[in-house]
Amino acid sequence: MDSELVYSTLHGRMCPSCNNPLDDCNCKTIKPVIKNDGFVRISRETKGRKGKTMTVISGLPLSQERLTSLAKQFKQQCGTGGTVKDDCIEIQGDHRDKLFDSIAKLGFKVKKSGG
């Protein structure tokens, strides 16, 4: 039979993926593999930002620490603020042209997307 343990009187609720107690579950810490097509996309977004323009860079196959340091470099280059959210770098303002050249110099294939 293909049944899975979901509760144990000794440990309580069990994770269906790793079969460990929910307190010791390591599935939460494992990050899913990001599938992308090899392109870094630069887009301009205003939705949900009260009309303010943000340049969003997505698809960079880098660790969180490297994304943070790259975001700092981009913020200094553009002279503005920004952050890293959900494996995307967000820079305040429309700086797609400046960042396009910078990312291309780093060796990534870059595409402009969105409006």
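Everything numeric in this text was worked out from a predicted model, so none of it was measured. (Residues numbered from 1 in each chain as written. Predicted model: local features only at pLDDT ≥ 70, side-chain atom pairs only at ≥ 80, totals over all residues. Heavy atoms only, no water.)

1. Comments concerning the packing of aromatic side chains
Counted under the stated rule, the structure contains 0 aromatic pairs. Over the ring of Phe39 we find Lys111; its NZ or CZ atom is 4.2 Å from the centre of that ring. A cation over a ring is seen here: Lys112 above Phe100, with NZ or CZ 5.7 Å from the ring centre. (Phe/Tyr/Trp six-rings, centres within 6.5 Å; stacked < 30°, edge-to-face > 60°. Lys NZ or Arg CZ within 6 Å of the ring centre and 35° of its normal.)

2. Some points on the packing of helix H1 (residues 64–78) against helix H2 (residues 96–105)
Put simply, H1 and H2 touch, their axes get as near as 11 Å, and they point 135 degrees apart. Taken together, the axis directions place H1 and H2 in an arrangement best described as oblique. Relative to H2, H1 is oriented so that their crossing is right-handed. Contacts between H1 and H2 involve Phe74, Gln77 and Cys78 from the first element and Lys98, Leu99, Ser102 and Ile103 from the second. (Axes fitted to C-alpha atoms, helices over the stretch in contact; angles between N-to-C directions. Helix = DSSP H or I, 4+ residues; strand = E, 2+ residues; numbered from the N terminus. Parallel < 35°, antiparallel > 145°, perpendicular 65-115°, else oblique. Left-handed = near helix turned anticlockwise from the far one by under 90°. Contact = heavy atoms within 4.5 Å.)

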